[in-house]
Amino acid sequence: MAEDSDLEKTESATPRRLQKAREEGQIVRSRELSTFALLAAGFFGVWGMSGSIGEHLQGMLRVAFTFDHAGAFETRRMMIGAGVASREGLYALLPILAFTGVAALFAPMALGGWQLSAKGLEPKFDRLNPIAGLGKMFSINGPIQLGMSLAKTLVVGVIGGTAIWNRREEILALATQPLHLALANTVHLIAVCCGMTVAGMFVVAAMDVPYQLWQFHKKLRMTKEEVKREHRESEGDPHVKGRIRQQQRAIARRRMMTNVPKADVVVTNPTHFAVALQYTDGEMRAPKVVAKGVNLVAARIREIAAENNVPLLEAPPLARALYHNVELNREIPGPLYGAVAEVLAWVYQLRRFKAEGGDVPLAPTELDVPAELDKGGVSDDEADQEAADTLNPDNEDASGASA
């Protein structure tokens, strides 16, 4: 049951899934909304320009029904009269065609916007599968579409029929009215009936739009596994990202190891920590940490220091304080100035001894390290990270790095 529940599409579509569907031409569409927009554009066009339309229709009818005895027997005049009548009819309908054309272009933008995609034109032979077609016919979507069609027909038919029935006397009275008055009243009645029909289509569109939105998002629902897979694809595989981070740390540590031979001294724990310090008088305001590490990295720092004759000093409190409180290539904090000054003084004495001889300088043992800066041993996170880097066969920090 747990596996079946994972396969159910219960999760909402992610933004990436929606964008992919849009690229494939799958966007929300409501035919009823487009129909309502076309009818509304036509209604307002007729209503707002009824005077101009009436004048053009009147001119068209005058030309069509004016009897010219000479023209009745001449084909050329008959064609000219038909052309004039057609032109007048086009002028009458041109504003309506313009309004409806604009509505047809901009109505789809209300939901899904414009979308040009060649993928929608690609042939898909699975659409010719009769079994799949029967499945769609007898699915829950079939009765819903049938119900929407019946509701649309019923609403529009009732409203339109009611509008015509309530004005039946006005319609019959048109036959007794003068031509110009009858035309004006006809246009007015058409506009009123169209307005009632538009009101009916508004009701139908108001029902269809939420249904189309629900149907679209339901179709694009995803399973939990699909959401997880998409998240991995978009954010990157955690294993790959972890491997990249390990490689980056390996490169950074190899670069760090190249600074160990340039250090003035390496302060050790003596086994868990190793911190390399460097100070150049006149160029640095204070000594800075050029390399540091724990466990195997610390061992590698000590090894490189020994190979390059860099002095090693066992000062556990100072080594821990430097490791925990100073980042790479950063100057030491003020509270550690005194302790580090003693260490550098010992280093300078050691250099003088090697160059000139004399008494061997004694290594400092009682260094003044503030208790709040000495954070103790290696944390679990540091130990785990060290172990991960060491177990990684591509990581050359601990075993393969060299100066």
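Look a little higher up for the structure.
Residues numbered from 1 in each chain as written. Predicted model: local features only at pLDDT ≥ 70, side-chain atom pairs only at ≥ 80, totals over all residues. Heavy atoms only, no water.

K.L.:
An account of the overall build of the chain is requested, with residue identities and associated values reported.
P.N.:
Helices and strands together make up the secondary structure of the chain, namely 15 helices and four strands. Here the chain, with 403 residues, has 31% of them falling under the buried criterion. Nonlocal contacts in the chain, meaning residues at least 24 apart in sequence, comprise 78% of its contacts between residues at least 6 apart. As presented, the chain carries roughly 25400 Å² of accessible surface, and 60% of it is formed by carbon and sulfur atoms. (Helix = DSSP H or I, 4+ residues; strand = E, 2+ residues; numbered from the N terminus. Buried < 20%, exposed > 50% of the residue type's maximum accessible area, 1.4 Å probe, protein only. Contact = heavy atoms within 4.5 Å. Areas by Shrake-Rupley, 256 points an atom, 1.4 Å probe, with all protein chains shown as cover.)

K.L.:
Describe in detail the pairing of strand β1 (residues 265–268), supporting the description with residues and values.
P.N.:
Alternating positions in β1 separate into two faces, Val 265 and Val 267 on one and Val 266 and Thr 268 on the other, with burial throughout. Bridge analysis of β1 against strand β2 (residues 273–278) gives four bridges, and the strand direction is antiparallel. Residue pairing for β2: Val 266 is matched across the bridge by Ala 276. Connecting the antiparallel pair β1 and β2 is a turn made up of four residues. (Pairing = 2+ DSSP bridges.)

K.L.:
Provide a residue-level description of the sheet that holds strand β4 (residues 312–314), including the pertinent values.
P.N.:
Read from one edge of the open sheet, four strands run β3-β2-β1-β4, paired in mixed fashion. Looking at strand neighbours, the two that pair on one side only are β3 (288–294) and β4, the edges of this open sheet. If you compare each strand with its neighbour and ignore which way they point, the axes differ by 20° on average. As paired elements, β2 and β3 share six bridges and run antiparallel to each other. Bridge assignment links Leu 277 to a residue of β3, and that residue is Val 289. Where helix α12 (residues 295–307) meets the sheet, it contacts β1, β2, β3 and β4, and its direction lies at approximately 125° from that of β3. (Axes fitted to C-alpha atoms, helices over the stretch in contact; angles between N-to-C directions.)

K.L.:
Can you explain the side chain of Asp 264? Please cite residues and give values.
P.N.:
Turning to its location among the elements, Asp 264 is positioned in the loop between α11 (238–257) and β1. Residue classification places Asp 264 among the buried residues on the basis of a relative accessible area of 8%. In terms of polar contacts, Asp 264 uses its side chain to reach the backbone amide nitrogen of Tyr 279, at 2.6 Å. Not counting residues up to four positions away in its chain, the partners in contact with Asp 264 are Leu 277, Gln 278, Tyr 279, Val 310, Pro 311, Leu 344, Val 347 and Arg 351. (Polar contact = N/O pair within 3.5 Å; in protein donor to acceptor, adjacent residues only side chain to side chain.)

K.L.:
Tell me what's going on with the packing of aromatic side chains, and back it up with residues and numbers.
P.N.:
Taken as a whole and judged by the stated rule, the model has three aromatic pairs. Ring plane angle 35° and centroid distance 6.1 Å describe the contact between Tyr 211 and Trp 214, whose orientation is recorded as tilted. In this pair, Tyr 211 and Trp 214 both sit in helix α9 (residues 179–219), three residues apart, roughly one turn of the helix. The class of Tyr 211 is buried, set by a relative accessible area of 12%. Owing to a relative accessible area of 40%, Trp 214 belongs among the partly exposed residues under this scheme. Ring centres of Phe 273 and Tyr 323 lie 5.1 Å apart, and the angle between their planes is 65°; this geometry places the pair in the edge-to-face category. Of this pair, Phe 273 sits in strand β2 while Tyr 323 sits in helix α13 (residues 316–325), and the two are 50 residues apart along the sequence. Grouping residues by exposure puts Phe 273 and Tyr 323 together as buried. Directly above the aromatic system of Trp 165 lies the positively charged group of Arg 168, at a separation of 4.1 Å from the ring centroid. The ring of Tyr 323 has Lys 292 sitting right over it, with the charged end atom 4.9 Å from the ring centre. (Phe/Tyr/Trp six-rings, centres within 6.5 Å; stacked < 30°, edge-to-face > 60°. Lys NZ or Arg CZ within 6 Å of the ring centre and 35° of its normal.)

K.L.:
Kindly report on a nonpolar patch on the surface, identifying the contributing residues and their values.
P.N.:
On the surface, Leu 90, Tyr 91, Leu 93, Leu 94 and Leu 97 cluster together into a nonpolar patch covering about 490 Å² of accessible area. Mapping Leu 90 onto the fold places it in helix α5 (residues 75–106). Taking relative accessible area as the criterion, Leu 90 reaches 46% and is therefore assigned partly exposed. (Patch = residues over 30% accessible without salt bridge, like charges linked within 9 Å, V, L, I, M, F, W, Y side chains within 5 Å. Salt bridge = Lys/Arg side-chain N within 4 Å of Asp/Glu carboxyl O.)

K.L.:
Would you mind going over the nonpolar core in detail, with residue names and values included?
P.N.:
By size, the foremost hydrophobic cluster in this structure holds 27 residues, and its most contacted members are Leu 277, Leu 318, Leu 322 and Leu 336. For this core, the secondary structure elements donating two or more residues are β1, β2, β3, α13 and α14 (337–356). Per element, the largest residue contribution to this core is seven residues, and it comes from α14. The contacts of Leu 336, once residues within four sequence positions are left out, are Leu 318, Ala 321, Leu 322, Val 369, Pro 370 and Leu 373. Core analysis: the next-biggest nonpolar cluster, separate from the first, contains 15 residues, Met 256, Val 266, Val 297 and Ile 301 among them. (Core = buried A, V, L, I, M, F, W, Y, C linked by side-chain atoms within 4.5 Å.)

K.L.:
I'd like a rundown of the pattern of salt bridges, residues and numbers included.
P.N.:
Under the criterion given, the structure shown has three salt bridges. Where Arg 351 meets Asp 264, a salt bridge forms, and the shortest distance between an N and an O atom there is 2.6 Å. Of this pair, Arg 351 sits in helix α14 while Asp 264 sits in the loop between α11 and β1, and the two are 87 residues apart along the sequence. One salt bridge in this structure joins Glu 303 and Arg 300, with 2.9 Å as the shortest N-O distance. You can see Glu 303 and its partner Arg 300 sitting in helix α12, three residues apart, about one turn around the helix. Classification of Glu 303 as partly exposed rests on a relative accessible area of 39%.

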